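Listed below are the residues making up each chain.
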Amino acid sequence: MLVFASEDHRAHNPTELHLFAGEALPPKEVPARAETILGALKAAGLADVREPDPLDSDPSARDLLSRVHDAAYLEFLRTAHQRWCALTGNDGGGEAMPFVRPILGPGFTVPDHVLAELGRYSNDADPLLAGTWQAATSAATCAIGAARTVVSGDAGAAYALARPPGHHAGPDNFGGYCYLNNSAIAAELVTATGGRAATLDVDTHAGNGTQAVFWHRRDVLSVSLHIDPSVEYPYFQGYPAERGAGDGEGFNHNLTMGRRTQWPGYEPVLDQACRLVDDFGPDVVVVALGVDTAVEDGVLALEGDDYLRLGERLARLGRPTVLVQEGGYDLRVLGRNVAAVIEGFAQAR
Ligand SMILES: [Zn+2]
């Protein structure tokens, strides 16, 4: 499998404790995630590794970012940490954490103040670090590299080792460890070259950012299968009644399942999602490949060979496929589970 990976992800290395449901915990979205995945892919002989072109030397990649995200949001992401350091006197090593929230209701002004903008552009409590922009853009370029390879026909499938992940990032907001929506950027590349794309999000959480990006569009089908959001992040979106609007009505699908669902309950939902993709008939499928469905991650309950079967089912779609890494946080099983999906996919092709 062609694997697009960059060492620049290491520039985003949060270490400060995060408050989660009243408990201060170490961050889970850390550089070791990408390193353990790459190690497992190499050990299994599944990785033909490519370095993506850097964003600075790739105007068409910058254009793709602008098609998915608002210009003001991109400028905020690029500059906010520096502005926060100037405001607070931080030496550059600190983590800028949102702590105010937009006030719902009439009247909404976002002043030119970095603390207000941190609240405006975030949808939970992820930090911006000095290296967040560098890491997030490297993840996006990995997705772009993989998508270009598939769209050009050079490979039938490619995998982007994208870190930080992306599927919770909307056109103008970050959250759920996500800053730039790597999967949406890959799908956008397909449409920018005249094709139709389907995003198939198998992460344990709703792909709410991807849904928001393509909400009004029918050239991209968005399908996400995930834990019922009434009991898990992202809580406010990801429900079956959300089906897109305007031209995009009927082109967004949320398929939900209960906590601790195991493979026998998961497989029919996956199958339903795959049939929706089949019916749409995309030129390229973009798989938002979260493996935080693992029982060790504590939400759903897939394990072991379930990931081989997941890879086989994705391969049986029989379409050019871009696999983009999303969640998966238990370092004991993360690499093994991603490698199993890639192996199952490769064997079934
Ligand atoms: Zn997730």
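Note: the structure precedes this text.
This section reports on the structure supplied with the text. (Residues numbered from 1 in each chain as written. Predicted model: local features only at pLDDT ≥ 70, side-chain atom pairs only at ≥ 80, totals over all residues. Heavy atoms only, no water.)

**Re the packing of aromatic side chains**
Put simply, the rule is: Pairing of aromatic rings covers Phe, Tyr and Trp, the last through its six-membered ring, and needs centres within 6.5 Å; plane angles under 30 degrees mean stacked, over 60 mean edge-to-face, and all others mean tilted. Labels follow the DSSP assignment, with helices taken as runs of H or I lasting at least four residues and strands as runs of E lasting at least two, numbered in each case from the N terminus. Residue burial is assigned from relative accessible area. The probe radius is 1.4 Å, only protein chains are included, and a residue is buried under 20% of its type maximum, exposed over 50%, and partly exposed in between. Counted as over-ring charges are cases with an Arg CZ or a Lys NZ within 6 Å of the ring centre that also lie within 35 degrees of the ring normal.
Applying the stated criterion across every chain yields a total of seven aromatic pairs. Look at Phe76 and Tyr121: their rings are 4.7 Å apart centre to centre, the planes differ by 35°, and that puts the pair in the tilted class. Here the residue Phe76 occupies a position in helix 3 (residues 71-88), and Tyr121 occupies one in the loop between helix 4 (114-120) and helix 5 (132-151), the gap between them amounting to 45 residues. Classification of Tyr121 as buried rests on a relative accessible area of 11%. A network of ring pairs unites the aromatic residues Tyr73, Phe76, Tyr121, Phe174 and Tyr179 as a single cluster. Note that Arg196 overlies the ring of Phe280, its terminal NZ or CZ placed 3.9 Å from the centroid.

**A word on the pairing of strand 6 (residues 197-201)**
Which entries qualify depends on this criterion: Strand pairing is defined by DSSP finding a minimum of two bridges between the two strands. Clockwise travel from the first strand over the helix to the second, with the strands pointing away from the viewer, marks a crossover as right-handed.
Burial of strand 6 is extensive: five of the five residues sit out of reach of the surface. In strand 6, alternate side chains face the same way, and those of Ala197, Thr199 and Asp201 on one face and Ala198 and Leu200 on the other are all buried. The pairing of strand 6 with strand 7 (residues 220-227) spans five bridges and is classified as parallel. Each residue of the ladder has a partner; that of Asp201, found in strand 7, is Ser224. Crossover connection from strand 6 via helix 7 (residues 208-213) to parallel strand 7: handedness right-handed. Summarising the sheet, strand 6 and strand 9 (residues 284-289) pair through five bridges and their orientation is parallel. In the strand pairing of strand 9, Ala197 is matched with Val284.

These figures come from the coordinates and say nothing about function on their own.
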